[in-house]
Amino acid sequence: LYVDHPLGAGQPVPLTREQAHYLFGVMRLAQGDLVALFNGRDGEWQAQVAEAGKRGGSLVCETQSAGQAVPPDVWLLFAPIKKARTDFIVEKAVEMGARRIVPVQTDFTNSERIRQDRLQAHAVEAAEQCGGTFVPEVADLHRLDRLLADWPEGRQLMFCDEASAAGGLDGAPQGPWAILVGPEGGFSQAERDRLRALPFARTVSLGPRILRADTAAVAALTLWQTTLGD
Ligand code: SAM
């Protein structure tokens, strides 16, 4: 269970109404039972139910059962598409171990704004589901052109381009990376020209077929993790 609270030996953890409903109403836990907790910073802790109520309750941390995991330093930059598909991309990016998820507005991106809080909540749910202790930050919508103009030093960019004959990531350097996947309409010619000329970018093909943007995000993360992840 994810809690937005510090974890440590003897630390009391108050529960929200939703958490109490889930633990005591759905999972039928009772006083004295153990629950595994994480907050994205302090690893995983076993906590005992101290107080179980319908609308609230509390736990007390006992022992740490896993240290804090930090995934390899890869960001996923993607252009938000339809709601359900955007949710899918965030969920899969968490499962695939992205360190940070950055929605970007490109020339052909349809949405002008995103519900960052909703997507962050999705990231928490995905981390809970896959048993991880790390929750990547879902950033607010960034404009791609501005992001590229202010690119963090030392970070490489894997530009996924279906029109490219280039291969994968063979021989690519280790270190911080970001993966860029475009929207359903792809990138404009101007964006493509700019991306191909960037000194920190490598143009990568994900195979001979045109993948949907959500499939491409998963394929790109898989390629990166198997080539450069640890
Ligand atoms: N522009 C294309 C069109 O309308 O025909 C389709 C874009 S595709 C649906 C969405 C994004 O997925 C692309 O911008 C690209 O980043 C990525 N993508 C899809 N297939 C790919 C492939 N075979 N290799 C590399 N990237 C791919």
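The rules behind these values
- Residues numbered from 1 in each chain as written.
- Predicted model: local features only at pLDDT ≥ 70, side-chain atom pairs only at ≥ 80, totals over all residues.
- Buried ≥ 20, exposed ≤ 12 C-beta atoms within 10 Å, placed from the backbone.
- Helix = DSSP H or I, 4+ residues; strand = E, 2+ residues; numbered from the N terminus.
- Arc of directions from axis to C-beta.
- Contact = placed C-beta atoms within 7 Å.
- Near = placed C-beta within 6 Å.
- Nonpolar A, V, L, I, M, F, W, Y, C, P; charged D, E, K, R; others polar.
- pLDDT = per-residue confidence, 0-100.
- Domains from an automatic or database assignment.
- UniProt positions renumbered as here; feature names shortened; annotations may be inferred.

> Could you give me a rundown of helix 1 (residues 17–26), with the residues and numbers involved?
Every buried residue of helix 1 is listed here: Ala 20, Leu 23 and Phe 24. On an axial view of helix 1, the arc spanned by its buried residues comes to 80°, and they lie on one face. Opposite its buried face, helix 1 presents the exposed residues Glu 18, Gly 25 and Val 26, each directed more than 90 degrees away. Next to the buried residues of helix 1 lie strand 1 (12–15), strand 2 (34–38), strand 3 (44–52) and strand 4 (57–66). Looking one or two residues past helix 1, Arg 28 carries a phi angle of roughly 60°, positive in sign.

> Can you tell me about the site of the ligand, naming the residues and giving the values?
In the vicinity of the ligand, 18 residues are found, and the nearest of them are Glu 162, Gly 182, Gly 186, Leu 206 and Ala 216. Tallied by class, residues from the shell around the ligand come to 8 nonpolar, 5 polar and 5 charged.

> Which residues make up the confidence of the model for the protein chain, and what values do they have?
Chain-level pLDDT for the protein chain is 95 on average; 100% of the residues reach the 70-or-more range. The complex model carries a pTM of 0.92, and its ipTM stands at 0.97.

> Could you give an account of the domain arrangement of the protein chain, with specific residues and numbers?
Domain assignment breaks the protein chain into domain 1 (12–66) and domain 2 (74–228). Here the C-alpha centroids of domain 1 and domain 2 sit 34 Å apart.

> Give me the lowdown on the UniProt feature "domain: Ribosomal RNA small subunit methyltransferase E PUA-like" (unreviewed entry) in the protein chain, citing residues and values where you can.
In the UniProt entry, the feature "domain: Ribosomal RNA small subunit methyltransferase E PUA-like" (unreviewed entry) is given for residues 15–55. The distance from the first to the last C-alpha atom of residues 15–55 is 9 Å, and the span holds 24% helix and 37% strand.

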